[in-house]
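Coordinates in review
Listed below are the residues making up each chain.
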Number of protein chains: 2
Amino acid sequence: MATIRLMGIDPGSRITGYGIINIEGLYKIHVASGCIRTTNSSLFPERLKTIFEKLTVIIRIHKPTEVAVERVFVHHRNPDSALKLGQARGAALCAVVMAGLPISEYAPRAVKQAVVGDGAADKTQVNHMIQLLLHLSEAPPTDAADALAVAICHGHTRQTRQRLMEAITLVGR
Amino acid sequence: MATIRLMGIDPGSRITGYGIINIEGLYKIHVASGCIRTTNSSLFPERLKTIFEKLTVIIRIHKPTEVAVERVFVHHRNPDSALKLGQARGAALCAVVMAGLPISEYAPRAVKQAVVGDGAADKTQVNHMIQLLLHLSEAPPTDAADALAVAICHGHTRQTRQRLMEAITLVGR
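Residues numbered from 1 in each chain as written. Chains lettered and ligands numbered in written order. Predicted model: local features only at pLDDT ≥ 70, side-chain atom pairs only at ≥ 80, totals over all residues. Heavy atoms only, no water.

The next subject is the relation of the copies chain B and chain A. Between chain B and chain A, the superposition needs a rotation of 180 degrees and an axial shift of 0.0 Å, giving an RMSD of 0.0 Å. What the rotation and shift describe, once combined, is the action of a two-fold rotation axis. Of all interface residues in chain B, 100% are interface residues in chain A too; the two copies therefore contact each other through one and the same surface. (Least-squares fit on C-alpha atoms with pLDDT ≥ 70 in both. Contact = heavy atoms within 4.5 Å.)

This is how it looks when you write it as structure tokens:
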């Protein structure tokens, strides 16, 4: 059975989480995850450079073939923090598209539904399920867990899509 | 007298303006300006790729040594448009920092003050003065004019700073 390597990213202006998993049939295997901290510089453009450069290196090392991010809902945010988040997100998405990888976006509810089975689950539940699903010896940092969660969500979605396509092909015979 | 080549950028999620000028003593000479249109794709990551790639090429061709952008004030914007603008801005700033160039930010009032002599000037006045100052045969598109305006503002500021430094050195002798 072919192994698919997926990457999830949770961009932020201070911390950007990333998580890489292998999908092997029904199994999900943790490959790598962590946080890119951008508090190295008070200069905002330098922070964007850190996000872009580090993600480019991580993609080059682990070679995922597809990337997923959470869709952002900004209704309740103030415009200034939305601008800052947007800039970090722009740098992260740039690193992905410049590496030639496709990006899928998922609503936060869909991610929670895929990981916990409940679209209204809280962060602790998501984190706990990530640890269980990926057989991690300890709970990952929140931003890394969020990135792994969106990668798992993408894995579910593409498997469901694949099975549907197979079913359609069988019916069409 | 040494020639300094400056670039101004006016990032936007649909149109990103750019303008490149030479500063030769008191003279400002138009080198290139234009708009990067990102309506080529309905996919947002593709738009970010267009901004990043085109700015990278423009920087490689014209070799500016410093870059200036307008500071964004988002108080009156809705968070969703602030997020979109932020993403476009993130892609543009990434192209600049990855080219190893320093970025200066200027408040919109400072830009208008530098170009028109009035911090409350409107877009038409800015556009008209850009045409006059750079001896352009016709008015540039709005986004290109805004980019040229912030480049001119940066040119003024660095000249003033340089003269102050010279004066301090003379006094110090």
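All chains considered together, the criterion is met by one aromatic pair over all chains. Arranged with centres 5.0 Å apart and planes meeting at 20 degrees, the rings of A:Phe52 and B:Phe52 form a pair that is stacked. Here B:Phe52 lies in helix α1 (residues 44-62) and A:Phe52 lies in helix α1 (residues 44-62), a pairing that spans two chains. Judged by its relative accessible area of 6%, A:Phe52 falls in the buried class. (Phe/Tyr/Trp six-rings, centres within 6.5 Å; stacked < 30°, edge-to-face > 60°. Helix = DSSP H or I, 4+ residues; strand = E, 2+ residues; numbered from the N terminus. Buried < 20%, exposed > 50% of the residue type's maximum accessible area, 1.4 Å probe, protein only.)

The next thing to look at is the sheet that holds strand β3 (residues 27-37) of chain A. In a beta sheet, neighbouring strands are held together by backbone hydrogen bonds and run either parallel or antiparallel to one another. All names here are of chain A. The strand order β3-β2-β1-β4-β5 describes an open sheet built from five strands, whose pairing is mixed. With partners counted over all chains shown, the strands left at the sheet margins are β3 and β5 (103-106), one partner each. The mean inter-strand angle of the sheet, taken between neighbouring strand axes irrespective of direction, is 20 degrees. Pairing of strand β1 (residues 3-10) with strand β4 (residues 66-70) involves four bridges; the strand directions are parallel. Paired with Gly8 across the strands is Ala68, a residue of β4. Its contacts with the sheet place helix α5 (residues 142-172) against β1, β2 (15-24), β3, β4 and β5, and it is angled at close to 35 degrees to β2. (Pairing = 2+ DSSP bridges. Axes fitted to C-alpha atoms, helices over the stretch in contact; angles between N-to-C directions.)

Counting residues in hydrophobic clusters, the biggest one holds 44 residues, and the most contacted among them are A:Met7, A:Ile9, A:Leu55, B:Met7, B:Ile9 and B:Leu55. Setting aside residues up to four positions removed in sequence, A:Ile9 forms contacts with A:Thr16, A:Gly17, A:Leu55, A:Val67, A:Ala68, A:Val69, A:Glu70, A:Ala92, A:Val96, A:Ala147 and A:Val150. (Core = buried A, V, L, I, M, F, W, Y, C linked by side-chain atoms within 4.5 Å.)

Time to look at a nonpolar patch on the surface. Residue and element names in this part refer to chain A. Together, Leu26, Tyr27 and Ile29 line one region of the surface with nonpolar side chains, adding up to about 370 Å² of accessible area. Note on placement: Tyr27 falls in strand β3. Given a relative accessible area of 62%, Tyr27 falls into the exposed group. (Patch = residues over 30% accessible without salt bridge, like charges linked within 9 Å, V, L, I, M, F, W, Y side chains within 5 Å. Areas by Shrake-Rupley, 256 points an atom, 1.4 Å probe, with all protein chains shown as cover. Salt bridge = Lys/Arg side-chain N within 4 Å of Asp/Glu carboxyl O.)

Residues and elements named next belong to chain A. By the criterion of burial, β2 is predominantly enclosed, with eight of the ten residues buried. The pairing of β1 with β2 spans eight bridges and is antiparallel. For Gly8, the partnering residue across the bridge sits in β2 and is Gly19. What sits between the antiparallel neighbours β1 and β2 is a turn of four residues. Bridge analysis of β2 against β3 gives ten bridges, and the strand direction is antiparallel. Looking at the pairing, Gly17 lines up with Cys35 of β3. The turn joining β2 and β3, which pair antiparallel and follow one another in sequence, is formed by two residues; a positive phi near 60 degrees is taken by Gly25.

Turning next to the interface of chain B and chain A. Each side of the interface is counted separately: chain B has 24 residues, and chain A has 24 residues. Each partner contributes to the roughly 2100 Å² buried at the junction of chain B and chain A, and carbon and sulfur atoms together form 81% of this total. Of all residues in chain B, the largest losses of buried area upon contact with chain A belong to B:Pro79, B:Leu83 and B:Val97, amounting jointly to 24% of the total for that side. Between chain B and chain A we count zero salt bridges in total. (Buried area = accessible area lost by both parts, 1.4 Å probe.)

Packed helices, taken two at a time, are described by the angle their axes make and the gap between the axes. Residue and element names in this part refer to chain A. It is at 9 Å that the axes of α1 and helix α2 (residues 79-98) come closest, and there the two elements cross at 30 degrees. In terms of axis orientation, α1 runs roughly parallel to α2. The interaxial crossing formed by α1 with α2 has right-handed handedness. Between α1, through Phe44, Leu48, Ile51, Phe52, Leu55, Thr56 and Ile59, and α2, the contact on the second element is made entirely by Lys84, Gln87, Ala88, Ala91, Ala92, Cys94, Ala95, Val96 and Met98. (Parallel < 35°, antiparallel > 145°, perpendicular 65-115°, else oblique. Left-handed = near helix turned anticlockwise from the far one by under 90°.)

As a further point, take unusual backbone geometry. The backbone phi angle of B:Lys63 is positive, close to 50 degrees, even though this residue is not glycine. Along the chain, B:Lys63 falls in the loop between α1 and β4 (66-70).

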